[in-house]
Amino acid sequence: MNADRKSTREQDRKMVYELDGRPSLSTAVPLGLQHVLAMFTSNLAPILIIAGVCGLSGADTVTMVQCAMFVSGLTTFIQLYPLRLGSRYQVGARLPIVMGTSFTFVPTASAVGAAGGIGAVLGGCLAGSLVEVFMGFFY
């Protein structure tokens with residue numbers, strides 16, 4: 001019985017690093033939970049910083065956090081299960097990539113938010129995301 005458990009653990013360790021590996025539930029749940037918890041911290045902090053700089057109310061801040069979490073979940077699923085666009089293009093990597101917000105743009109968004117409010121921040125994000133999607137087709 002002990003040899004079977006060791007064999008199963010070894011197989012799980014190998015499957016974690018395979019593209020189509022399917023480790024057991026006892027291995028997959030803690031690994032998935034680790035990614036989700038790491039995503040929460042990196043997703044919430046930039047939103048809370050920018051909401052504070054823009055002077056949003058508590059209700060608006062909650063709405064921003066909910067939207068960020070929803071979009072992060074949606075884009076994570078798109079990374080896992082890509083959308084095919086014709087025979088040559090796809091959106092998503094077919095890899096378990098947990099998507100979230102980035103701290104990279106917090107200083108810029110804070111400056112824009114202080115000068116123009118949350119509308120200017122969201123408009124800049126929309127314009128930047130369209131440029132990024134366009135550039136992604138050339139990778």
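In what follows, the accompanying structure is described.

Scanning the protein for helices and strands turns up four helices and two strands. Helices (α) and strands (β) of the protein occur, in sequence order from the N terminus, as α-α-α-β-β-α. The C-alpha atoms of the protein give 19 Å as radius of gyration, which overshoots the globular expectation for 139 residues (14 Å, by more than 25%). A principal-axis box enclosing the C-alpha atoms of the protein has dimensions of 65 × 40 × 20 Å. Counting the 139 residues in the protein, one finds 17% classified as buried.

Time to look at the packing of helix H2 (residues 25–54) against helix H3 (residues 58–80). Packing of H2 against H3 brings their axes to within 10 Å, and their N-to-C directions diverge by 145°. The handedness of the crossing between H2 and H3 comes out as right-handed. Contact with H2, carried on its side by Met39, Phe40, Asn43, Leu44, Ile47, Leu48 and Ala51, involves Thr61, Met64, Val65, Ala68, Met69 and Ser72 of H3 and no other residues of that element. Of the residues that constitute the contact of H2 with H3, the class distribution is 10 nonpolar, three polar and no charged.

Attention now moves to the side chain of asparagine 43. The residue asparagine 43 is located in helix H2 in this model. You can call asparagine 43 buried: its relative accessible area is 0%. Of note is the side chain of asparagine 43, whose polar atom sits 2.9 Å from the backbone nitrogen of threonine 101. The residues contacting asparagine 43, other than those within four sequence positions of it, are Ala68, Met69, Ser72, Gly100 and Thr101.

Attention now moves to the packing of H2 against helix H4 (residues 106–136). For the pair H2 and H4, interaxial distance at closest approach is 8 Å and the crossing angle is 55°. On the basis of the axis angle, H2 is oblique to H4. Note on packing geometry: the crossing formed by H2 with H4 is right-handed. On H4, the residues that touch Pro46, Ile49, Ile50, Val53 and Cys54 of H2 are Val106, Ala109, Ser110, Gly113, Ala114, Gly117, Ile118 and Val121.

The next point concerns the environment of proline 96. Within the element layout of this structure, proline 96 appears in the loop between strand E2 (89–91) and H4. The exposure class of proline 96 is exposed, given its relative accessible area of 63%. A C-alpha to C-alpha distance of 16 Å links proline 96 and lysine 14, two positions 82 residues apart in sequence.

Quick look at the state of the cysteines now. If you walk through the whole model with that rule in mind, you get zero disulfides. Considering cysteine sulfurs only, cysteine 125 is the nearest to cysteine 67, which forms no disulfide, with 12 Å between them. For cysteine 67, a relative accessible area of 42% puts it in the partly exposed group. Among the cysteines around cysteine 125, which has no disulfide bond, cysteine 54 carries the closest sulfur, lying 10 Å off.

Conventions and cut-offs
- Residues numbered from 1 in each chain as written.
- Predicted model: local features only at pLDDT ≥ 70, side-chain atom pairs only at ≥ 80, totals over all residues.
- Heavy atoms only, no water.
- Helix = DSSP H or I, 4+ residues; strand = E, 2+ residues; numbered from the N terminus.
- Rg over C-alpha atoms; globule rule 2.2 N^0.38 Å.
- Buried < 20%, exposed > 50% of the residue type's maximum accessible area, 1.4 Å probe, protein only.
- Axes fitted to C-alpha atoms, helices over the stretch in contact; angles between N-to-C directions.
- Left-handed = near helix turned anticlockwise from the far one by under 90°.
- Contact = heavy atoms within 4.5 Å.
- Nonpolar A, V, L, I, M, F, W, Y, C, P; charged D, E, K, R; others polar.
- Polar contact = N/O pair within 3.5 Å; in protein donor to acceptor, adjacent residues only side chain to side chain.
- Parallel < 35°, antiparallel > 145°, perpendicular 65-115°, else oblique.
- Disulfide = S-S within 2.5 Å.

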